[in-house]
Amino acid sequence: MVIVVCYARAIVIPYTIRTSARARHMRITIRDGGEVVVTLPQGVQEARASAFVKSKERWITQARSKVLRQQSSTTIPKRSVSDFKQYKAAAHTFVTARLQECNTHYRYVWNNVSIKNTSSRWGSCSKKKNLSFSYRIIFLPPELQDYLIIHELCHLGEFNHSPQFWKLVEAELPNYKHLRKELRRVT
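The residue count restarts for each chain, going from 1 along the sequence in the order it is written. The predicted nature of this model means local features are confined to residues of pLDDT at least 70 and side-chain atom pairs, given and counted, to a pLDDT of 80 or more, with totals for whole chains, interfaces and linings taken over all residues. The side-chain figures draw on all heavy atoms in the structure; neither hydrogens nor water molecules are used.

**Description of the pattern of salt bridges**
Turning to step 1, where the next piece is worked out: The rule for a salt bridge is simple: a side-chain nitrogen of Lys or Arg has to be within 4 Å of a carboxyl oxygen of Asp or Glu. Scanning the entire structure with this criterion turns up 3 salt bridges.
Turning to step 2, where the next piece is worked out: Between Arg98 and Asp146 there is a salt bridge whose closest N-O contact spans 2.8 Å. Here the residue Arg98 occupies a position in helix α3 (residues 81-106), and Asp146 occupies one in helix α4 (residues 142-155), the gap between them amounting to 48 residues.
Turning to step 3, where the next piece is worked out: In this structure Arg98 comes out as buried when scored by relative accessible area, which is 14%.
Turning to step 4, where the next piece is worked out: By sharing partners, the salt bridges in this structure join Arg98, Glu101 and Asp146 into a single network. Working definition: helices are DSSP H or I runs of at least four residues, strands are E runs of at least two. Numbering for both runs from the N terminus. Exposed residues in this analysis have more than 50% of their type's maximum accessible area, buried residues have under 20%, and partly exposed residues fall in between, with area computed by a 1.4 Å probe over protein chains only.

Have a look at this one:
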């Protein structure tokens, strides 16, 4: 298995490539937890998977969101060392790219971005302007991923949860209260 990240229309889609002797066509499967798996027939080069994922980006995003909405909180992977090792690099690539995109409004500066195997937090911001996120962020629906990233970005401007902080969040996410409730439901 190979984990690859596809940048399609500024959306990062982490996926796993699987080769099958029985497969006759390329196929995309959305597994529990939102994991995207691309199955290739034997002899098909892995480079073709990226173009295939890009061509199916809209479907993947919709199908992944639907799967994640239908599942209860137990379907977001529990913390495990093996999952962390498997998804850490993909999560870092995803978070870094989304931070850049979401930061066009704020224009904040941060020092380091780290991916952790946290038990109770999806993200954090230190006073040294270091941002950290749980690797499980890649299994969330896109709107919750953006909520987490924007939330931590806003801590660079307001290092608390004051009304000023929530105004910063609301500038990019007017429905942040709904997203906050959704995230609590998922966790």
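**Quick notes on empty space enclosed by the protein**
Gaps between atoms show up when a probe of the same size as a water molecule is rolled over them.
Turning to step 1, where the next piece is worked out: In this analysis the probe radius is 1.4 Å and the grid spacing 1 Å, with only protein atoms considered; a cavity is a set of points the probe fits into but cannot get out of, a pocket is an open set with protein on both sides within 12 Å along at least five of seven lines, and lining residues have an atom within 4 Å of a point. Grid points are joined across faces, edges and corners, and a volume is the space filled by probe spheres set on the points. All told, the structure shown has 1 cavity of 30 Å³ or more when counted by the stated rule.
Turning to step 2, where the next piece is worked out: Within the residue set of the lining of the largest cavity, elements represented by two or more residues are β2 (11-20) and α3.
Turning to step 3, where the next piece is worked out: Here the element with the most residues in the lining of the largest cavity is β2; it accounts for 3 residues.
Turning to step 4, where the next piece is worked out: Asp, Glu, Lys and Arg are counted as charged, while Ala, Val, Leu, Ile, Met, Phe, Trp, Tyr, Cys and Pro are counted as nonpolar; the rest, among them Gly, fall into the polar class. Class assignment of the residues belonging to the lining of the largest cavity gives a composition of 8 nonpolar, 2 polar and 2 charged.

**Some points on the pairing of strand β4 (residues 36-41)**
Turning to step 1, where the next piece is worked out: Taking burial as the measure, the 6 residues of β4 include 6 buried ones, the bulk of the element.
Turning to step 2, where the next piece is worked out: Every second residue of β4 is oriented toward a common face, with Val36, Val38 and Leu40 on one face and Val37, Thr39 and Pro41 on the other, all of them buried.
Turning to step 3, where the next piece is worked out: Where strand β3 (residues 27-30) lies against β4, 4 bridges are found, and the strand directions are antiparallel. Bridge pairing in β4 places Ile28 opposite Val38.
Turning to step 4, where the next piece is worked out: Two strands are said to pair when DSSP picks up at least two bridges between them. Hairpin remark: β3 followed by β4, antiparallel, with 5 residues in the connecting loop; positive phi at Gly33, about 85 degrees.

**Side note on the sheet that holds strand β5 (residues 113-116)**
Turning to step 1, where the next piece is worked out: Pairing is mixed across the open sheet formed by 3 strands, whose spatial order is β5-β7-β6. The sheet is open, and its two edges are formed by β5 and β6 (123-125), each paired on a single side. Within the sheet, the average angular offset between the axes of one strand and its neighbour, ignoring direction, is 15 degrees.
Turning to step 2, where the next piece is worked out: When β5 meets strand β7 (residues 131-134), the two strands line up parallel, connected through 4 bridges. Opposite Val113, over in β7, you have Leu131 as the bridge partner. In this analysis an axis means a line fitted to C-alpha atoms, helices contributing only their contacting stretch, and an angle means the value between N-to-C directions, from 0 to 180 degrees.

**Re the packing of aromatic side chains**
For any pair of aromatic rings, the description rests on two quantities: the centre-to-centre distance and the angle between the ring planes.
Turning to step 1, where the next piece is worked out: Two rings from Phe, Tyr or Trp (for Trp, the six-membered ring) form a pair when their centres sit within 6.5 Å of each other. Planes less than 30 degrees apart are called stacked, planes more than 60 degrees apart edge-to-face, and all others tilted. Per the stated rule, a full pass over the model turns up 5 aromatic pairs.
Turning to step 2, where the next piece is worked out: Each ring, one from Phe165 and one from Trp166, has its centre 4.8 Å from the other, and the planes form 80 degrees; the classification is edge-to-face.
Turning to step 3, where the next piece is worked out: Accessibility expressed as a relative area gives 0% for Phe165, which makes it buried.
Turning to step 4, where the next piece is worked out: Look at Trp166 and you get buried, because its relative accessible area is 11%.
Turning to step 5, where the next piece is worked out: Seen from their ring centres, Trp166 and Tyr176 are 5.0 Å apart, and the 15 degrees between their planes marks the pair as stacked.

**A short note on helix α1 (residues 47-55)**
Turning to step 1, where the next piece is worked out: By the burial criterion, the buried members of α1 are Ala49, Phe52 and Val53. Burial along α1 is one-sided: seen end-on, the buried residues are contained in an arc of 100 degrees. What points out from α1, more than 90 degrees from its buried face, is the exposed set Ala47 and Ser55. Picture the helix axis, draw a direction to every C-beta atom, and the arc is the one those directions span.

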